[in-house]
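# Working through the structure, step by step
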Amino acid sequence: MPWFKRQSGELDATGEKKVRTEGLWVKCEHCRQIIWKKDLDANLHVCTKCQHHFPMGAKLRLELLLDGSYVEHDADMSSTDPLKFTGTKVYATQLKDAQRKLGMKDAVLTAEGFLNGQPLVCCAMEFQFIGGSMGAVVGEKVTRAIELAMEKRLPLVIVSASSGARMMEGTISLMQLAKVSAALARMDEVRLPFISVLTDPTTGGVTASYAMLGDINIAEPGALIGFAGPRVIEQTIRQKLPKGFQTSEFLLEHGFLDAVVHRKDLKAYISSALDFFLA
Ligand SMILES: [Zn+2]
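Below, the structure is looked at part by part. Note that the structure is a prediction, hence the values are computed from the model and not measured.

Criteria and thresholds
- Residues numbered from 1 in each chain as written.
- Predicted model: local features only at pLDDT ≥ 70, side-chain atom pairs only at ≥ 80, totals over all residues.
- Heavy atoms only, no water.
- Helix = DSSP H or I, 4+ residues; strand = E, 2+ residues; numbered from the N terminus.
- Rg over C-alpha atoms; globule rule 2.2 N^0.38 Å.
- Buried < 20%, exposed > 50% of the residue type's maximum accessible area, 1.4 Å probe, protein only.
- Contact = heavy atoms within 4.5 Å.
- Areas by Shrake-Rupley, 256 points an atom, 1.4 Å probe, with all protein chains shown as cover.
- Pairing = 2+ DSSP bridges.
- Donors = N, O, S within 2.8 Å, 3.2 Å for Na, K, Ca; no water.
- Tetrahedral: all angles 85-135°; square planar, octahedral: opposite > 155°, others 65-115°.
- Core = buried A, V, L, I, M, F, W, Y, C linked by side-chain atoms within 4.5 Å.
- Salt bridge = Lys/Arg side-chain N within 4 Å of Asp/Glu carboxyl O.
- Expected span 1.5 Å × (residues − 1).
- Arc of directions from axis to C-beta.

### Quick notes on the overall build of the protein
A tally of regular secondary structure across the protein gives 9 helices and 9 strands. Whereas a compact globule of 279 residues would reach a radius of gyration of roughly 19 Å, the protein reaches 21 Å, a difference of no more than 12%. For the protein, the C-alpha atoms occupy an extent of roughly 80 × 50 × 45 Å along the three principal directions. Across the 279 residues in the protein, those meeting the buried criterion constitute 46%. In the protein, once contacts between residues fewer than 6 apart in sequence are set aside, the share between residues at least 24 apart is 67%. Only carbon and sulfur atoms are counted for the fraction: they give 57% of the accessible area of the protein, which is about 15200 Å².

Pasting the structure below:
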């Protein structure tokens, strides 16, 4: 007599269990509580117990910030893999996998829409797409979004989530830092507002270019924001880093950010900031 007996019909033809419970519950990495996924979704992907902000995809982000429908721009722009790069993985395969999985061609969505009735251009980065890294496509799409904003005299909001420059595109990815920054400088000259929203995580070349160039720079609570990682810094300066280093709250305290805003207040905050700038 076996201790455990498999019910007949529990396995389907592929040998996989039919009873699926995975995906219904999520463990919060901050408070380690188990949350019902539906509750998490209904709460804008913020932990219902400790307010930890879970990462949010680019599409959801645009839905959160924009009123109803919006027009996406340059949706078909895709990397040409200029270096035919192969590292631990083949870059071309990595691109194809990410494109299939996420239904987008690269790591940023650029859109024209309305935020509480105010027309604007809004970009949202997708961290799940090769770490939200910035290659030629992200740089070009963001630059075009800035140029569109200037052409139509609209304000710009960029929501960042990125590991930095896309190393598989080598120096071409680094050139994007300068290109986007130059476009933002032109936008500044024609006196149009740019609000930068930093989310978890925003690091590397994106922090070193547009994410910190906003007329105001705001972040979600508890987000990791920095240039190099803490271990690299500790090894370089041979000092122990303070607690909470590279979090939104630490950066706000040290003057690198203008505000830390809860996700549920983000739209209202951006709306009133735009009212202020455009008055
Ligand atoms: Zn939690």
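### Here we look at the sheet that holds strand 8 (residues 216-219)
One open sheet holds the 7 strands; their spatial order is 3-4-5-6-7-8-9, and the pairing between them is mixed. Two strands close off the open sheet at either side, each with one partner strand: strand 3 (71-73) and strand 9 (259-260).

### Side note on the coordination of the zinc ion
Looking at the zinc ion, the protein donor atoms are Cys-28 (SG), Cys-31 (SG), Cys-47 (SG) and Cys-50 (SG), and they sit 2.3 Å from it. One can describe the site at the zinc ion as tetrahedral: its 4 donor atoms subtend angles covering 107 to 112 degrees at the metal. Between consecutive donors of the zinc ion, the numbers of intervening residues give the motif C-x2-C-x15-C-x2-C. Judged by relative accessible area, which is 0%, Cys-47 ranks as buried. Its relative accessible area of 24% is what places Cys-50 among the partly exposed residues.

### Looking at the nonpolar core
Among the nonpolar cores identified, the biggest contains 65 residues, and Ile-146, Leu-156, Ile-195, Tyr-210, Ile-218 and Ile-270 are the most heavily contacted of them. Residue contributions to this core peak at 7 residues, all from helix 4 (residues 136-152). If you look at the next biggest cluster of nonpolar residues, it comprises 6 residues, including Val-26, Ile-35, Cys-47 and Phe-54.

### A short note on the pattern of salt bridges
Between side chains of opposite charge, a pair can form as their charged atoms come close. Under the definition given, this model contains 13 salt bridges. In this structure, Glu-147 engages Arg-186 in a salt bridge whose closest nitrogen and oxygen atoms are separated by 3.4 Å. On the criterion of sequence distance, the pair formed by Glu-147 in helix 4 and Arg-186 in helix 5 (residues 170-189) is long-range, its members being 39 residues apart. Judged by its relative accessible area of 35%, Glu-147 is partly exposed. Overall, the relative accessible area of 37% leaves Arg-186 in the partly exposed class. Taken together, the shared-partner salt bridges in this structure form one network comprising Asp-74, Glu-140, Arg-144 and Lys-179.

### Notes on helix 9 (residues 266-278)
Taking 1.5 Å of rise per residue, the 13 residues of helix 9 would be expected to cover 18 Å, and the 18 Å separating its terminal C-alpha atoms lies within 8% of that figure. Here helix 9 has its buried residues at Leu-266, Ile-270, Ser-271, Ala-273 and Leu-274. Buried residues in helix 9, looked at end-on, bunch into an arc of 165 degrees, giving them a common side. Tucked into the core, helix 9 has its buried residues touching helix 2 (58-65), strand 4 (108-115), strand 5 (118-125), strand 6 (156-162), strand 7 (194-202) and strand 8.

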